[in-house]
Amino acid sequence: MATWSWPKTLSVDLSWLQTRLNMLFLELSLGPGSLYSEIVDQPPDPGVYPEIEWDATVRLGVELCIPERAFLGERKRAMRVPFARLMGVDAEEVDERDLPVVAIAGSGGGYRAMLMTAGSLVGAQVTGILPCVTYTAGVSGSCWALGVMHSGIAGSTLPGDVGQHLKERIQVSYLEMGTLDALVSPPTNKYLLASLLRKAAGPCGTISLVDIYGTLLGSRLFVPSSYDVLDPQHLSLHMMRRNIDKGQLPMPIFTAIQHTFPPVAIQAMRELQAEEDSGVGARGMTVLEEAKHLLKEASSQYLWYEFTPYEVGCDEIGAFVPSWGFGRRFLNGQNIERRPEIGFTILAGIFGSAFCASIKLYFQEIRPTLEFLPAQLYNWLSEIITENDEDWGLIHPVLPDKIPNFLKGLDGQLRFGSPPGLTDREYMTFMVIELNIPYYPLLRRNVDCIIALDASSDSQDLWFTRAEELAAKRGLRTWPKGAGWPVKLLASSEGEGTKGKIDLSGDDDVQARQASRKIAETQEIALAEQTDRQTDTETRELPAEPGGSIDSSGGEDGDGGMSSLQTCEVWIGSSQHGESDPSRLDDLDEDALLKRDGIGIVYIPLAANEDKVPGFDPFSVSTWRRELGAEESQGLLDVSEANFGNSRTKIVRLLRAIWLRKKRDREKKEWEDRGFVAQFHRNLHDEFS
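What counts, and at which threshold
Residues numbered from 1 in each chain as written. Predicted model: local features only at pLDDT ≥ 70, side-chain atom pairs only at ≥ 80, totals over all residues. Heavy atoms only, no water. Pairing = 2+ DSSP bridges. Helix = DSSP H or I, 4+ residues; strand = E, 2+ residues; numbered from the N terminus. pLDDT = per-residue confidence, 0-100. Contact = heavy atoms within 4.5 Å. Phe/Tyr/Trp six-rings, centres within 6.5 Å; stacked < 30°, edge-to-face > 60°. Buried < 20%, exposed > 50% of the residue type's maximum accessible area, 1.4 Å probe, protein only. Expected span 1.5 Å × (residues − 1). Bend = angle between axes of the 7 residues up to and from the residue. Axes fitted to C-alpha atoms, helices over the stretch in contact; angles between N-to-C directions. Parallel < 35°, antiparallel > 145°, perpendicular 65-115°, else oblique. Nonpolar A, V, L, I, M, F, W, Y, C, P; charged D, E, K, R; others polar.

## Considerations on the sheet that holds strand β7 (residues 319-322)
Right, so step 1: Read from one edge of the open sheet, 10 strands run β1-β7-β6-β5-β4-β3-β2-β12-β16-β15, paired in mixed fashion. A single partner strand is all that each edge strand has here, and the edge strands are β1 (59-60) and β15 (569-572).
Right, so step 2: Bridge count for strand β2 (residues 102-106) against strand β12 (residues 449-454) is 5 bridges, and the pairing is parallel. Among the inter-strand pairings, Ala105 is bridged to a residue of β12, identified as Ala452.

Dropping the structure here:
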């Protein structure tokens, strides 16, 4: 590398770049004294990586692990007094058994979602709600915010410090020269590159674009402002348990998706490709039909993997490993090597690897935005995706990251219904974008309330429909029914005279696009209508615009349509009510609310807040931005904090209802149990008297 000939004809001096690249490749070389040699050839320090002295086994089953169950007990004890304060009652009135299990779930959306999550957590802390939260969960960018908070990299775990750390660190792109300096200069070079180099030297022997992306991202997000406090354990997932074991903070759940499809289908597609390459068209068409048939018989699946400070695994297949053991090679449920755990820089790349999704999922995510295209163009694109649905679902433009497969050799031991072939593969791959809010890992934990922070761009209607499908898949009857996510995302304010009303009946496409990007009020669309629109592939027509104006007051519009959504919407499900019954908090009086035994969903979209940050449009910050100015970051933090704060009244009302209902049900059961015991003793007395 040092002997490369650099262009002499350019007017720009590239010697600085040549010097840094030479230094980087020297450190990555295998020679004595290189950083690679220091990290790979020298034994890891047990004081930094204690897991190298531990053996890991695969835990089979779907129940929560023992450490998490211990955490739940500690968290309830820590929550009792703050919850009583939130409810405005004495702590003696609160029984730990009645406390609602509350989760905050952050969406994907790059830096925009990351800052929304951080700002919302500040709002949750200020309003007194965060101390009453049991879980936090994230997808993509929100995972980065949770990682910074729970690692302590910001100097503390306070959400305010986390937000300021992120604001400071992302003013410079991870592609700037400062990043290259951090990769070649001590002490940050070893800190950032250790996990990458160990992965390159591991059984896989390669690093992926996802690994490089995570390392570059980590150079901005997971490096403290002062190098004096640089600690490799800041990049340890399992070390994050130090901040939750005693119930100090909610337990974080990071998520990624494994896209699996049957080996027989993969082989059929390979045969097709080989035939097409050889120019045998007729035979190729035959193999294509066989592949399509196989895909229909055994379709691909998206498996939700959860990453917590305790375990990494998948409920759908019923297999988990200790978080510090993820990345090792396993056989028959036992690790066959001891290695330091995968660093959070690599994990951050996996959590944020939306670019590894299939083409089919790309189209599904941007479909609401494409609805504003001319009808002919939209229909043409929709027809292509629909007619080649199976093919597009298999194609990943960027290959997902490869991790040694801890399921290797567990034939016949996974949960019934697990996709075939999982235990035969040497590696597993991960991506994101199947559902942009992490409902699935929370549903299996029997949460009572999910506060969904949504920084998605124009995709909310898809996410809620998929969430209901996941709830149905788990057999949950208590998910709110008929509670449609917004189909159009509308501005929170259009000036004093309009009072939030937006007219989309004109021909101004620019106005329509701008209105669709901003969230505050939307017309509530029944879930059945959403499903029909998404699954109807026969007509392939553009969805019709909802009629009538949108009323910010929350009442019906001028044409008698459904009431509009607000910047905070709350639904609560019930196992006893039909889909026609209202599940929206605003439509329920206190008696009706107490009768509902389902999951409460609080939906807080990323919306402009003119009172807090006048003139700031949060969606001016793209998902794909690599750096943000301090003013932009602070705007996102302030808007998110304010919007969460404005949601306090609804959240408290919901939590009070859940608490009182759980208290009532517990006391009723205790009364019945006492009555049964008393009757049993009377029967014994009568029998022997």
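## A short note on the confidence of the model for the chain
Right, so step 1: When the pLDDT values of the chain are averaged, the result is 78; 66% of them are 70 or greater.
Right, so step 2: Contacts from residues 392-396, a stretch scored under 50 in pLDDT, to residues over four places away or in other chains number 21 contacts.
Right, so step 3: Predicted confidence for residues 483-564 stays below pLDDT 50, and this span has 165 contacts to residues more than four positions away or in other chains.

## Quick look at the side chain of Thr134
Right, so step 1: By the secondary structure assignment, Thr134 is in the loop between α4 (110-126) and β3 (135-138).
Right, so step 2: Not counting chain neighbours up to four residues away, the residues in contact with Thr134 comprise Phe71, Leu72, Arg75, Met79, Pro100, Val101, Val102, Pro250 and Met251.

## Details of the packing of aromatic side chains
Right, so step 1: Taken as a whole, this structure holds 16 aromatic pairs when the rule is applied.
Right, so step 2: Residues Trp54 and Trp324 carry aromatic rings whose centres are separated by 5.1 Å and whose planes lie at 70 degrees to one another, so their mutual orientation is edge-to-face. Taken together, the positions of Trp54 in the loop between α2 (35-41) and β1 and Trp324 in the loop between β7 and β8 (330-331) put the pair 270 residues apart, joining distant regions of the chain.
Right, so step 3: Ring centres 6.0 Å apart and planes at 75 degrees place the aromatic pair Tyr174 and Tyr213 in the edge-to-face group.

## Some thoughts on helix α6 (residues 159-169)
A turn of α-helix holds 3.6 residues, and therefore any two residues three or four places apart point the same way.
Right, so step 1: All buried positions along α6 are accounted for by Pro159, Val162, Gly163, His165, Leu166, Lys167 and Arg169.
Right, so step 2: The inward-facing, buried residues of α6 abut α4, α5 (141-151), α9 (209-221) and α21 (630-646).

## A few points about helix α8 (residues 188-200)
Right, so step 1: Between its terminal C-alpha atoms α8 stretches 19 Å, which fits the 18 Å expected from 13 residues at 1.5 Å a residue.
Right, so step 2: Helix geometry: α8 is bent most strongly at Ala194, by close to 45 degrees.
Right, so step 3: Across the 13 residues that make up α8, a large majority, 11, are buried.
Right, so step 4: For α8, the full list of buried residues reads Thr188, Asn189, Tyr191, Leu192, Leu193, Ala194, Ser195, Leu196, Leu197, Arg198 and Lys199.

## Details of the environment of Asn436
Right, so step 1: With respect to the helices and strands, the residue Asn436 is situated in the loop between β11 (427-430) and α16 (440-443).
Right, so step 2: According to the relative accessible area criterion, Asn436 is buried, its value standing at 7%.
Right, so step 3: Once the C-alpha coordinates of Asn436 and Ala455 are considered, the two residues, 19 residues apart in sequence, prove to be 9.1 Å apart.

## Here's the deal with the packing of helix α7 (residues 177-184) against α8
Right, so step 1: The contact between α7 and α8 brings their axes to 6 Å, and the two run at 85 degrees. Relative to α8, the element α7 is oriented roughly perpendicular. Contacts between α7 and α8 involve Ala182, Leu183 and Val184 on the former and, on the latter, Thr188, Asn189, Leu192 and Leu193.
Right, so step 2: When grouped by side-chain class, the residues that make up the contact of α7 with α8 number 5 nonpolar, 2 polar and no charged.

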